[in-house]
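Working through the structure, step by step
Given next are the chains, with one letter for each unit.
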Amino acid sequence: MSAPTFSFDMASWTKERRLREGRVVVTGVGGRLGRRLIRQLHRRRTVFGLDERGGEGFPPDVTCERVDPGRHRSKRLLADPDIGAIVHLGVK
């Protein structure tokens, strides 16, 4: 009987860690679903919201930018290496 082998994939481990530790970007935070998600998610993670209509009434630790997710400025915001996950709720 052979001993079990142990395999460690550094890339997967790093990705898992970033998902746990990186901030979460949520598009469409001006809608009902986006607002509900932000209110729950901000308790566990750093949250950054994007919406072309803007957003008001969020918890004080949530940052929200008024920007169209399809525009060049939002692409620069989404290129941040500290982002662990993106939740796209913006629908047109």
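Below or above, wherever it landed, is the structure these notes cover. (Residues numbered from 1 in each chain as written. Predicted model: local features only at pLDDT ≥ 70, side-chain atom pairs only at ≥ 80, totals over all residues. Heavy atoms only, no water.)

Regarding the overall build of the chain
- When its secondary structure is counted, the chain shows three helices and four strands.
- For the chain, the α and β elements follow one another from N to C terminus as α-β-α-β-β-α-β.
- Relative to all contacts within the chain whose residues are 6 or more apart in sequence, the contacts with residues 24 or more apart total 44%. (Helix = DSSP H or I, 4+ residues; strand = E, 2+ residues; numbered from the N terminus. Contact = heavy atoms within 4.5 Å.)

Focus on the nonpolar core
- In this structure, Val24, Val26, Val29, Ile38, Leu41, Val47, Phe58 and Val62 together form the largest nonpolar core, which totals eight residues.
- Elements represented by at least two residues in this core include exactly β1 (23-27) and α2 (32-41).
- Leave out the neighbours within four places in its chain, and Val26 touches Leu37, Ile38, Leu41, Val47, Phe48, Gly49, Leu50, Val87 and Leu89.
- Val25, Phe48, Leu50 and Ile83 belong to the second-largest nonpolar core, a separate cluster that totals five residues. (Core = buried A, V, L, I, M, F, W, Y, C linked by side-chain atoms within 4.5 Å. Buried < 20%, exposed > 50% of the residue type's maximum accessible area, 1.4 Å probe, protein only.)

A short note on the pattern of salt bridges
- Enumeration over the complete set of coordinates arrives at two salt bridges.
- Taking the shortest distance from any N to any O, the salt bridge between Asp80 and Arg23 comes out at 2.6 Å. In this pair, Asp80 sits in the loop between α3 (72-78) and β4 (83-88) while Arg23 sits in strand β1, placing the two residues 57 residues apart along the sequence.
- What makes Asp80 partly exposed here is its relative accessible area of 23%. (Salt bridge = Lys/Arg side-chain N within 4 Å of Asp/Glu carboxyl O.)

Topic: the side chain of Arg45
- For Arg45, the position within the fold is in the loop between α2 and β2 (47-51).
- Here the side chain of Arg45 touches Gly22 through a polar contact of 2.6 Å, landing on its backbone oxygen. (Polar contact = N/O pair within 3.5 Å; in protein donor to acceptor, adjacent residues only side chain to side chain.)

Considerations on the packing of aromatic side chains
- On inspection of all chains with the given rule, the structure shows zero aromatic pairs.
- One Lys or Arg, Arg23, reaches over the ring of Phe48 and ends 4.8 Å from the middle of that ring. (Phe/Tyr/Trp six-rings, centres within 6.5 Å; stacked < 30°, edge-to-face > 60°. Lys NZ or Arg CZ within 6 Å of the ring centre and 35° of its normal.)

Focus: the pairing of β1
- Burial runs high along β1: four of the five residues are buried.
- The sheet contact formed by β1 and β4 spans five bridges and is parallel. When the bridges of β4 are listed, Thr27 appears paired with His88.
- Bridge analysis of β1 against β2 gives four bridges, and the strand direction is parallel. By the bridge assignment, Thr27 is partnered in β2 with Leu50.
- On the question of chirality, the crossover connecting β1 to the parallel β2 by way of α2 is right-handed. (Pairing = 2+ DSSP bridges. Right-handed = clockwise from strand over helix to strand, strands pointing away.)

None of this, on its own, says anything about what the molecule does.
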